[in-house]
Amino acid sequence: METLLDISGLSKRYGESEALRNVSFSLARGEIVALLGANGSGKSTLLHILSGHEVIFATGSWQGRIVLDGVPLSLRSPRDALRAGISMVHQELSLLPGLSAAENLFLTRERTRTSLPRRLASLDWVDRAAQREEGAAVLAELGIRAGTEVPVRRLSLPVRHLVEFARERSRGDLRLLLLDEPTSCLNRGDSDTVLDAVRTLAARGTGVLFVSHKISEAIALADRMVVLRDGDVAGIFSRRDADERTLVRAMFGGDLLAATPHASRPDTEPGPDGCTAIPPEATPGRWGPSGLRPEAKAKEKTGKGATIPAVPAVGKTAEKAPPVLAFENVTTATPDENLRNFCLAVRPGEILGVTSLLGQGKGAFSRFFSEEHMPFSGTLRLKGRTVTVRDASFRRHVAFLSEDRRRDSLLLERSVLENLTFPAYALAGRFRRMGPLGLFDRAEAERYAAEAVRRYGITCASLRQPVRELSGGNQQKVAVAKAAGLSPTVLVVCEPTRGVDLRTKRALLEWFAELNREEGMTIVICSGEPEDLVGVCSRIAVLREGQVRRMLGRGADEAALLAAMEMDREADGDGAANGPECGGGCVGAVPGAPEARR
Amino acid sequence: MPFFGDRPAGGPPPAVSVSERGASEGNGGAHGGGNAGARAGGSAAGRAGAWLATHPMPLLFLVLCAVGIRLAGLSLPFVAEEVLTRLCRDTVLALALILPITAGMGLNFALPVGAMAAQGGLLIATCAGLSGDAAVGTALAVALPLSALLGALIGMVLNRVKGREMIVSIVIGLLGSNLYQLLCLGVPGRLIAVANPSVLLSKGSGLRNSVDLEFFRHILRDVGHVTVGGVSFSLGSLMVVFLFAAAVHWLLRSRFGLHARAVADDRDRAALCGIVPDRVRLQAMVLSTVLGACGQLIYIQDLSILNVYTGHLLSDIFAAAALLAGGATLRSATVGQAVLGVLLFHTLFVVSPMAGQNTLSNAAIGEYCRSFIAYGVIALAILLNRRKEGMSA
Amino acid sequence: MMRHISPPTRIMLVFLVVLLTLALKAGIDPTRLAGDALRKLGMSAVLVLSLVPMMRAGMGLNFGMPIGVSAGLLGMCLSMNARLTGAAGFAAALGGAVAVGSLFGYVYGRILNVAKGREEVAGVFLGYAFLPLMSVFWTLAPFSNRKMLYPVGGQGLRPRIGLDPFFAGVLDKGFDLTVGGVAVPLGLLLFAGVLLALVALFYATATGKTFSVVGENERYARILGISVEGRRIASALLSTVLAAVGICVYAQSYGFAELYESASVMTFPAVCALLVGGASRWRAGAANALLGVAIYQTMYLLSTPVANAYLASETTELFRMVVTNGVILYAFLRR
């Protein structure tokens, strides 16, 4: 097969961090290639380069060579990419929400009643009737019979994904189709429709490059799999010689983050949480690269998704201490991703992990803390007392760090000193002089801040340096120090190691363990990255559709976690659509762009 | 009339999922609430009534107009004639605001800049001592390109302040006005000799406060002047207004209009689709300013007197208030809304002073009321304009 | 706090130096100039200061200042109608201004909470719409003091009420002082100075810092449990009350209370002054107000003699407006 796309030596830096490092591979005409990798491995960046996303060019462009059909490309804008025959189906969707499906389908390729010369082409009268008809036909090919005149925002998420897919594949000059998580928000039936359509496209000679976190799907669909890790190509596998285990190992590397031994008190085992909704599950101890325990091996199913055999809980029963934070049948009602009958009890002194696939609940969990006016039903209890997120007492006791630390957890223009001490000063009455006036006691604050900087290894030019200038890792350290400085009862952190270098990652996770060990602080880590959770958390709650569906114990490893996150897909079948967070979010945020990068 | 009106606020979108394969939303689907009733046939009056019921702003203005006409005690033919005159005079200025709204830039309060370009053209023709067709030709030849150029400049500035276009356009309008007035005071007769000294102030430099334009007087209004049932109006003027309205409507339904709506909807996503948002916005601004110049030319020919220093002031406010009175919002505006709004708003404008005089023996009160209504309508539109969040319902 | 001098400040300083040179060359008396400058500084300082609370709360520039100014005018009218004079009259005017301003400010703040992200445009039109309402009030309200009303034949209050019989000059002439030939209106400066100091002090306290953080990063504040809406309303209230007090200070110095349309004339100059003082979205404080007023009002003063000497006198006002609006536009572009 002749080569369609040839990438050689592709590199991209965001400021100081390298998103992609000397990536090279090629794609043949009619070939389907899957791009796999952990969060932050560079796969989204690669797609964005190929599609000409503006952030790429605005942050220093890329180095290397991209050759399509023998022609080297410069790809400075989405138009360049479209003209070259490359089009992309975005994870966050590029449909215009207020326009109708028909208008979206034909945007920039409108069907018009007049044909003015090229310079005046934008004055052509758009033929709505023709677009309606043709649009309905195009959508019908994918089995959609929804009205083409409805504003796209009123279509359900799976339909929107299909509309965008229909739009891209119907481009006459399409040579290379890029797909970013094409089926993450689709149920079984719709996924199959899309995958079939992809195969048909490929059969006609279009090259397809897609990013997916669903390893099983990648194996089923792709001819070859390119695995990225930390910006490098960790391996290129063909369908025959790849299985999930190999791929996972390539994605995460053989040396998993050394599990920090921690003693969370009390010694917690997963067990009944006080809510009847959750079936207790336990993993029978460590599954590691060293092999499986004999009795578990017999029950293990290899192939499409490892399943966790249900084994009766062993070990101590959970201590009867009342949960420090409890969610009882919490259901939120936002237009985006929601929690649904969410039950969770955070035990005092534990490190609890909360995770899910994109759009399945972890985002809702995070937003529950950060958005005050989220309508919800159910009960939230703090140390037994019913509270709402808006209560000042809640905020005193539950410190929250969202996944966007630059936006939510830091005052970027202010100094390290001010960031470290502000909450304690403004809200907890520290660092004050002149009694009732409450003026800032700079000397005492500086002492405290200097100690914090030393203790946590925050690298900064001085205490007066604006936090904006620190690296991502150091900013995160300041944010954590600030939150910990309030001595909260519970510390809830979301995506704590996003955009953070490897050393700081380890430091942060060890820091959490230390806080937990020495101060008995209860910590909840909400993250989509297995590395944040495995080996650190005593329990990991895996969410699906806004509910806790699995509770993993301390012994779970990456593979088990990934398997648990992907579970129930078969069970879902033709079930209802998932939360529109996947595909509904803000397009401007490029995963891989400075905020999110290490 | 297409209404891109209001969406139901909050709540999950009604699921039109693939699994409901049988169900069809039907084409021309449910745009905005409540149209179903209006569409259910019935007499024209019935449908108009139903339409009004779902469009509070025009309804409110209709009521106010009715009250005002009653209080003012003016005869209907008189009011009708006044209103038709103002329709011809002020519609194009209201039309000029439609495109920036469509492109997501809100109300173009820099419209006076276009008006100033028009006045500049007329003044240059007058100062040069021209008359007749030569004067008209010169005025147009200056005003239109100048307004296009200024529109481009304004567009470039507004592209740099995304999200704050309205307040910045206000400042641009004010600054432009000051500069224009400075030029009118400081240039003619002092820095540049004028062939026609009668336009100057008595001290010999700087333009007079108002200039009578012989060559421009009623050039449209006199075309096709007819009287029907005691009401006289100009077919020529109506024709011209109709042409402009048709042109704007065409623009809205063209590729440009679609791309403008896309840019207004979500700028980043529009860029991903291959549209260049800054260019679309710039074009919208240029068109708006040029239409503003045309509108001001029409206005002045009808008025036949040019108030040099104040003629352009408030043109943006009245145009905006009229457009909003017709039911437009900061997010969408149509030609029909502009026409309706001009009718309603300017009727109110005409009757207010007399209404005030008759009820409270104070015409000023009537004027205060109409000022309040004009600014209030705009303030209300700004307050009601809620920002959408991504793809939420 | 002003680590570097912001461009608007730099521009105005240069402009000021040019004007100063031209003015001195035109033979203007420096001591009189200094005295006038100090007086104008005192007159306008509180009005410019009134912009600070809303700016700090992230609500942008308060283009709705006419609302606060109207409150102040109402306070003064009530005091005059009660025929109070001198210090008592002024105190009553202030009391009325604060009371009415608090009410107006509270409502204004609640309305602005609806318009998050576009407070400035909303303020412009709320202010413009409010003035006709006040004009109706000035026309119809039953004021009885004939010195305030239109002379025979008109209805309602005069557009320009002379304050000499009431409390004109109460501050200016209280503590009169002459230093090196310069007439220093000490009472005025002290009053303004105290208010500036109080505002600066407020924002240095822990509570005040919570107000500032609401403007810097709303999400950050919310996550810490700080009530964003409440502080915004409080800031709008504070701004409105300060504007009300500010117009009282201005009017007693100027000698006239100007009603009807004139209530909106102060807004843009005050905004420009604050910007010239180096205020921005992240940093706005009493010090910016002080610096800005000093520079702006001096420019204002100098423009008259310079224009008279070198250009046509009618153009003075236009030049001032061009500079004012130009600086504001420039500041917007830089944000």
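The structure presented is a predicted model; accordingly, all values stated were derived computationally and were not measured. (Residues numbered from 1 in each chain as written. Chains lettered and ligands numbered in written order. Predicted model: local features only at pLDDT ≥ 70, side-chain atom pairs only at ≥ 80, totals over all residues.)

Enquirer: Go over the overall build of chain B, please, and point to the residues and values.
Expert: When you go through chain B residue by residue, the secondary structure sums to 15 helices and 4 strands. Going through the 393 residues of chain B one by one, you find that 52% of them count as buried. For chain B, long-range pairs separated by at least 24 residues make up 71% of all intrachain contacts whose partners lie at least 6 apart in sequence. (Helix = DSSP H or I, 4+ residues; strand = E, 2+ residues; numbered from the N terminus. Buried ≥ 20, exposed ≤ 12 C-beta atoms within 10 Å, placed from the backbone. Contact = placed C-beta atoms within 7 Å.)

Enquirer: Just give me the short version of the overall build of chain A, but keep the residues and values in it.
Expert: Along its length, chain A carries 21 helices and 22 strands. Taken over 598 residues, chain A has a buried fraction of 55%. Sequence separation of 24 or more characterises 72% of the internal contacts of chain A that already satisfy a separation of 6 or more.

Enquirer: Help me get a handle on the interface of chain B and chain C, residues and values and all.
Expert: Listed by partner, the interface residues are 31 residues for chain B and 31 residues for chain C. Among the elements of the structure, α8 (165–186) and α15 (363–384) of chain B are those that each provide at least two residues to the side of chain B that touches chain C. For the side of chain B that touches chain C, the element with the most residues is α8(B), which contributes 14 residues. Classifying every residue of the side of chain B that touches chain C by side-chain character gives 22 nonpolar, 6 polar and 3 charged. (Nonpolar A, V, L, I, M, F, W, Y, C, P; charged D, E, K, R; others polar.)

Enquirer: Lay out the domain arrangement of chain A with the relevant residues and their values.
Expert: Residue and element names in this part refer to chain A. Domain assignment breaks chain A into domain 1 (1–85 + 173–255), domain 2 (98–171) and domain 3 (317–412 + 483–570). Every contact between the two is made by 8 residues of domain 1 and, on the other side, 10 residues of domain 3. Among the residues making up the side of domain 1 that touches domain 3, the classes are represented as 4 nonpolar, 2 polar and 2 charged. (Domains from an automatic or database assignment.)

Enquirer: Could you give an account of the packing of helix α8 (residues 186–204) of chain C against helix α13 (residues 286–310) of chain C, with specific residues and numbers?
Expert: All names here are of chain C. Where α8 meets α13, the closest approach of the two axes is 8 Å, and the angle between their N-to-C directions is 145 degrees. Residues L196, V199 and A200 of α8 form the contact with α13, whose own contacting residues are A286, A287, A289 and L290. Looking at the contact of α8 with α13 residue by residue, the class counts come to 7 nonpolar, no polar and no charged. (Axes fitted to C-alpha atoms, helices over the stretch in contact; angles between N-to-C directions.)

Enquirer: Break down the sheet that holds strand β1 (residues 3–14) of chain A for me, citing the residues and quoting the values.
Expert: Residue and element names in this part refer to chain A. Spatial strand order, β2-β1-β4-β5: 4 strands in an open sheet with antiparallel pairing. At either margin of the open sheet sits one strand with a lone partner, and together these are β2 (17–28) and β5 (71–72). Taken together, the 8 bridges between β1 and β2 define a ladder with antiparallel strand orientation. Its bridge partner being in β2, R13 is matched across the sheet by E18. Most of the contacts of helix α1 (residues 43–51) go to β2, to which it runs at about 65 degrees, and overall it touches β1, β2 and β4 (62–68). (Pairing = 2+ DSSP bridges.)

Enquirer: Could you give an account of the environment of C:L20, with specific residues and numbers?
Expert: Residues and elements named next belong to chain C. Along the chain, L20 falls in helix α1 (residues 7–25). On the basis of neighbour counts, which here come to 17 C-beta atoms within 10 Å, the residue L20 falls in the partly exposed class. Along the backbone, L20 and V306 are 286 residues apart, and their C-alpha atoms lie at a distance of 8.7 Å.

Enquirer: Summarise the pairing of strand β12 (residues 342–346) of chain A; cite the residues concerned and give the values.
Expert: All names here are of chain A. Counting buried positions along β12 gives 5 out of 5 residues, so the element sits mostly inside the fold. Side chains F342, L344 and V346 of β12 all project onto a buried face; the interleaved residues C343 and A345 project onto the opposite face, where all are buried too. Sheet topology note: the strand β11 (residues 325–332)/β12 ladder contains 4 bridges and is antiparallel. Each bridged residue has a counterpart across the sheet, and for V330 the counterpart in β12 is F342.

Enquirer: I'd like a rundown of helix α19 (residues 558–566) of chain A, residues and numbers included.
Expert: Taking burial as the measure, the 9 residues of α19(A) include 8 buried ones, the bulk of the element. For α19(A), the complete set of buried residues consists of A:E558, A:A560, A:L561, A:L562, A:A563, A:A564, A:M565 and A:E566.

Enquirer: Quick one: what's the story with α1(A), residue by residue and with numbers?
Expert: α1(A) sits mainly inside the fold: 9 of its 9 residues count as buried. Along α1(A), the positions that sit buried rather than exposed are A:K43, A:S44, A:T45, A:L46, A:L47, A:H48, A:I49, A:L50 and A:S51.

Enquirer: How would you sum up the nonpolar core? Please name residues and give values.
Expert: The biggest cluster of nonpolar side chains holds 417 residues, and the ones touching the most others in it are B:L97, B:A321, C:L49 and C:F125. No other element matches the 15 residues that helix α11 (residues 228–254) of chain C contributes to this core. Filtering out sequence-adjacent residues up to four positions away, C:L49 remains in contact with C:L195, C:L196, C:V199, C:L242, C:A286 and C:A289. (Core = buried A, V, L, I, M, F, W, Y, C linked by C-beta atoms within 7 Å.)

Enquirer: Break down the pairing of strand β3 (residues 182–185) of chain C for me, citing the residues and quoting the values.
Expert: Residue and element names in this part refer to chain C. Where strand β2 (residues 176–179) meets β3, 4 bridges bridge the pair, whose relative direction is antiparallel. By the bridge assignment for β3, L177 is matched with V184. If you look at the hairpin formed by β2 and β3, you'll find 2 residues sitting between the two strands, and G180 has a positive phi there, around 55 degrees.

Enquirer: Tell me about the environment of C:G68, and name the residues and values.
Expert: Residues and elements named next belong to chain C. Considering the arrangement of structural elements, one finds G68 in helix α4 (residues 65–81). The buried category is assigned to G68, around which 35 C-beta atoms lie within 10 Å. For G68 and L103, which are 35 residues apart along the polypeptide, the C-alpha to C-alpha distance reads 10.0 Å. Setting aside chain neighbours within four positions, we find G68 in contact with S50, G101, F104, G105, S239, T240, V241, A243 and A244.

Enquirer: Could you give me a rundown of the sheet that holds strand β15 (residues 385–387) of chain A, with the residues and numbers involved?
Expert: Residue and element names in this part refer to chain A. Strand order in this open sheet of 4 strands is β12-β11-β14-β15, and the pairing throughout is antiparallel. If you trace the sheet from one side to the other, it starts and ends with β12 and β15, each paired once. Going from strand to strand, the sheet's axes swing by 25 degrees on average, the running direction of each strand aside. Of the strand pairs in this sheet, β11 and strand β14 (residues 376–382) are connected by 6 bridges, and their pairing is antiparallel. When the sheet's bridge partners are listed, F327 is paired in β14 with L380.

Enquirer: Now, about the confidence of the model for chain A: what can you tell me, with residues and values included?
Expert: Interpretation of the predicted coordinates at a detailed level should be avoided for regions scoring low in pLDDT. Scored by pLDDT, chain A comes out at a mean of 79, with 83% of its residues at no less than 70. When the criterion is pLDDT under 50, residues 570–598 of chain A qualifies, and its contacts beyond four places in sequence or with other chains add up to 92 contacts. (pLDDT = per-residue confidence, 0-100.)

Enquirer: Before we move on, could you go through the packing of helix α6 (residues 157–169) of chain A against helix α7 (residues 188–203) of chain A and cite the residues and values that matter?
Expert: Residues and elements named next belong to chain A. Taken N-terminus to C-terminus, the directions of α6 and α7 make an angle of 5 degrees; their axes are 11 Å apart at the nearest point. As far as their axial angle goes, α7 and α6 are roughly parallel. Seen from α6, the contacting residues are P158, L162, F165 and R169; seen from α7, they are D190, V194, A197 and L201. The residue inventory of the contact of α6 with α7, partitioned by class, reads 6 nonpolar, no polar and 2 charged. (Parallel < 35°, antiparallel > 145°, perpendicular 65-115°, else oblique.)

Enquirer: Pulling in residues and values, what's your account of the confidence of the model for chain B?
Expert: Residues and elements named next belong to chain B. Scored by pLDDT, chain B has a mean of 84; 88% of the residues are at 70 or more. Least confident of the elements in chain B is helix α1 (residues 35–39), whose mean pLDDT is 42; most confident is helix α5 (residues 98–102), at 97. Contacts for the low-pLDDT stretch residues 1–40, under 50 throughout, to residues beyond four places or in other chains number 66 contacts. Across residues 389–393, confidence stays below pLDDT 50; counting only partners more than four residues off in sequence or on other chains, it has 18 contacts. Reported for the predicted complex are a pTM of 0.85 and an ipTM of 0.93.

Enquirer: Which residues make up unusual backbone geometry, and what values do they have?
Expert: All names here are of chain A. Here the phi dihedral of N341 falls at roughly 50 degrees; this positive angle occurs in a residue that is not glycine. Residue placement: N341 occurs in the loop between β11 and β12. In this structure, K383 takes a positive phi of about 50 degrees despite not being glycine. Relative to the helices and strands, K383 resides in the loop between β14 and β15.

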